[in-house]
Structures are given as structure tokens and as C-alpha cells.
Amino acid sequence: MTIESPGDFWKDYELIDSGNFEKLERFGKYYMSRPEPKALWDKSLSDAEWSRLVHTRFRPGAGFGKAGKEDSGTWERNRKMDDQWVIRYRGGQPGLDFSLRLGLTSFKHVGVFPEQSSNWEYIYRQTSELVGKAKETGAPRPKVLNLFAYTGAASLAAKAAGADVTHLDSVRQVVTWARNNMEISCLDNIRWVVEDALKFARREAKRGNVYQGIILDPPAYGHGPDGEKWKLDECLYDMLKCVSSILAPVDSFLVLNLYSNGYSAVLGETLVKEAFCVKTGYKSIDCGELVLHDNYGKNLPLSVFVRMSR
């Protein structure tokens, strides 16, 4: 099991401090404070120092902590800042370079989950290897499917490596946001799909379509565009079994990311092994935690991952 965090080469993001159920972050030139239930320790900086730095602070609403409204609230601005701005991800590998438009949403998010940069690095590395093999053998370009894809950083990583990418999310506005990220990154030809992820995967299985890379970052709860209900505890294993039928048996990779509290890396690894009937025939399976390191040496764990290549 491994623990990974963003590399020092990413200059547009920084976790300044964490504690007392909050985190203080810098995205580009703007500093913000957001609730963080996993920051159980004390802050290293004083409240006055936080207030001096932050451009904006997220204030939870009345529904904060309730199912479906876990992150609802408003932003309170302390200093002048743009409603939207752009940051750049220059990765640890040549060619991994894209831009992301950020903005303040009513659900605490700003358009990127920085701890995911370790997964972007893995996706780019694996995809680049597959693209290289395809060129050597004259095979078609590898296809990568990104499910629950949000604003598309993982899609951009796969596209930058040269894959044919399908990006799926159930929220049309989020897909529009992801398309804009592609455009400002000077990339093109990502396939956009607004649909329920499990329904799409089942249809792809019936059609016999196969992908060389599949990325899943499912929420604890969600809804498809036609009212389909997603509950992680009830749907995840079925999703993984379905995905196992559309991931190529050789020269392929899987990335599973889980944010839900109570899910461990070992649990995720076991789910993948059982869903894919993994005993032999794979190159590697790795699981671990994605964390952010603040400037005072505290490690903030945010999600668990499972990666498989075969």
C-alpha cells in the first residue's frame, strides 16, 4: 500500500495549513478556506493569519452534512478576486501539461481535486506506454473511458498522452466545464457523454466495446440525467463487474478512486480483485491513499485508490 501526494513541480497549488476542521489552500494567485472534516488537529497558523491570507471562505449552509446537501453553502469574500480563473498543471513527465478553469460553486468545490494529481501522473504514464506499443505494432490508438469524470483533469491527462478519450458525467453543466478545460488546454477530439455511468457501461458491454484504460471516481450518492439513482454501497460492485467486461484483457489499466468515509484501500483492492476475478494475468495491482501535505508537516488523507495494469 502506498501514500501519494502532489509533486513539488506543481506550482499552481499549495495546501498552506489545515486543522480545526478546515483547510487553507492556494489555487494560482487566490487563497481560500474550506471545511475539511478530516482535519481533526489544531491549525498551525492563527485565525488572524488565516484571515489575512484568504480571499474567500466557504460558509456551510443549513443543509450542510445532510445527504444530498453535504457540501452546500456560500462563499464569503474577504478580498477582491475573479469569479473564474485558470490554473495550469505542468506534470512530472514531459508532455503532461494542461489548464483548468476554476470557479466558486455552491457545493464547496472549485473545479479540481488537487490530490488527484498522482492519478493523473499514473494515467498519463500508462497511456503513453500503450500509445507507444500501438505505434510499434500498427494497432489502433488506445481508448480510455473516464466515468464520473467531473471537470475532466483525468481525461486531459489521457488525451495529452495520445489516447482516444470518452468522458462521461451525468451533469451537463459539468461536461460543458470539462469541454472548456479541453479547449483552453489546446487539446481536442474528446468524446463527451451525458449519461448514467452504469447504464452506459452495460450498453458498452452488450455492444462488445472494449477500452484499454478505464477510470472511475464514483460519488457516495448521485443521480443520472433521467433520475437514475446511484448509491455507492449498493452499486459499486455491480459497476466493477460490468467494467471488467469492457476492459481489454491485456495491455490495459484501471484506476478506481473512492472518497466515501469508511472505505479503505484494502477494501477497494478486494472489490477490484473479486469483480475482475483477478488471480493471475495482471502486471500489477496497487492500492493506497492520496494525501495533501501542508506547509507545517501535517498529512491530510482525502481519498483511497486502486490501480491495476495488465
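None of these values were measured; they are calculated from a predicted model.

Student: Sorry, what's going on with the overall build of the chain here?
Tutor: Looking only at helices and strands, one finds 7 helices and 17 strands in the chain. Taken over the C-alpha trace, the chain has a radius of gyration of 19 Å; the compact-globule value for 310 residues is 19 Å, and the two agree within 12%. Counting only C-alpha atoms, the chain reaches 60 × 40 × 35 Å along its principal axes. Counting every position in the chain, which comprises 310 residues, the buried fraction comes to 53%. Averaged over its 42 positive side-chain charges, the chain has a centre that lies 4 Å from the centre of its 40 negative ones.

Student: When you look at the nonpolar core in this model, what are you seeing that I'm missing?
Tutor: Buried together is how nonpolar side chains tend to be arranged in soluble globular proteins. One finds F27, W85, F98, L100, V112, W120 and I123 to be the most contacted residues of the largest nonpolar core, which totals 44 residues. Beyond its immediate sequence surroundings of up to four residues, V112 is in contact with F27, I87, L100, L102, W120 and Y150. Counting residues in each nonpolar core, the second largest holds 37 residues, with F200, A201, L258 and V278 among its members.

Student: Looking at this model, I keep getting lost on the pattern of salt bridges. Mind explaining?
Tutor: Here the idea is simple: oppositely charged side chains can pair when their charged atoms come close. Taken as a whole and assessed by the stated rule, the structure comprises 21 salt bridges. K199 is the partner of E228 in a salt bridge, and the nearest nitrogen-oxygen pair spans 2.7 Å. Remark: K199 occurs in helix α5 (residues 197–207) and E228 occurs in the loop between β13 (221–223) and β14 (229–231); sequence separation between them is 29 residues. Owing to a relative accessible area of 36%, K199 belongs among the partly exposed residues under this scheme. E269 serves as the salt-bridge partner of K273, at 3.9 Å between the closest nitrogen and oxygen. In this pair, K273 and E269 are both assigned in helix α7 (residues 265–275), 4 residues apart and thus about one turn of the helix distant. Exposure remark for K273: the relative accessible area of 28% places this residue in the partly exposed category. With a relative accessible area of 18%, E269 lands in the buried category. Connected via shared salt-bridge partners are E22, K43, D47 and R57.

Student: I would appreciate a short explanation of the sheet that holds strand β11 (residues 191–194) in the present structure.
Tutor: Sheet strands line up and pair through hydrogen bonds in the backbone, either parallel or antiparallel. Pairing is mixed across the open sheet formed by 8 strands, whose spatial order is β1-β16-β17-β15-β12-β9-β10-β11. Two strands bound the open sheet, and with one partner strand each, they are β1 (2–4) and β11. In this sheet, neighbouring strand axes are inclined to one another by 20 degrees on average, regardless of whether the strands run parallel or antiparallel. Pairing analysis gives 3 bridges linking β1 to strand β16 (residues 284–293), with the strands arranged parallel.

Student: Looking at this structure, I do not really get the sheet that holds strand β2 (residues 13–19). What am I missing?
Tutor: Strands sit in the order β2-β3-β4-β5-β6 across an open sheet of 5 strands; the sheet is mixed. Strands at the two margins of the open sheet, each flanked by one partner only, are β2 and β6 (73–77). On average, each strand axis in the sheet is tilted by 20 degrees relative to the strand beside it, whichever way the strands run. Where strand β3 (residues 22–27) and strand β4 (residues 30–35) come together, 6 bridges link them in antiparallel fashion. Counted as the bridge partner of E22 is P35 from β4.

Student: I keep staring at α7 and nothing clicks. Help me out?
Tutor: One full turn of an α-helix is made of 3.6 residues, so residues set three or four places apart face in the same direction. Looking only at α7, the buried set comprises A265, G268, E269, L271, V272 and A275. Along the axis of α7, the buried residues cluster in a sector spanning 160 degrees; they form a single face. Next to the buried residues of α7 lie α6 (232–244), β15 (253–258), β16 and β17 (299–309). Phi for C277, located one or two positions after α7, is positive at around 50 degrees.

Parameters and conventions
- Sequence order as written defines residue numbering, which begins from 1 separately in each chain.
- The predicted origin of the model limits local features to residues at a pLDDT of at least 70 and limits the giving and counting of side-chain atom pairs to 80 or more, whereas totals for whole chains, interfaces and linings rest on all residues.
- Note: side-chain values were computed over all heavy atoms of the structure, leaving out hydrogens and water.
- Helix numbering and strand numbering both begin at the N terminus, where a helix is a DSSP run of H or I of at least 4 residues and a strand a DSSP run of E of at least 2.
- Here the globule rule reads 2.2 Å times residues to the power 0.38, and the radius of gyration is calculated from C-alpha atoms.
- Buried residues are those whose accessible area, probed at 1.4 Å on protein chains only, stays under 20% of the maximum for their type, while exposed residues exceed 50% and partly exposed ones sit between those limits.
- Positive residues here are Lys and Arg, negative ones are Asp and Glu, while His and the chain termini are left out of the count.
- Throughout, a charge is located at the NZ atom of Lys, the CZ atom of Arg, the CG atom of Asp or the CD atom of Glu.
- In this description, a nonpolar core means a group of buried Ala, Val, Leu, Ile, Met, Phe, Trp, Tyr and Cys residues linked to one another through side-chain atoms lying within 4.5 Å.
- Whether two residues are in contact is decided by their heavy atoms: any pair within 4.5 Å suffices.
- Here a salt bridge means any side-chain nitrogen of Lys or Arg lying within 4 Å of a carboxyl oxygen belonging to Asp or Glu.
- Any two strands with at least two DSSP-identified bridges between them are counted as paired.
- Each axis is a line fitted through C-alpha atoms, and for a helix only the stretch in contact is used; angles between axes span 0 to 180 degrees, taken between their N-to-C directions.
- It is the directions from the helix axis to the C-beta atoms whose arc is reported.

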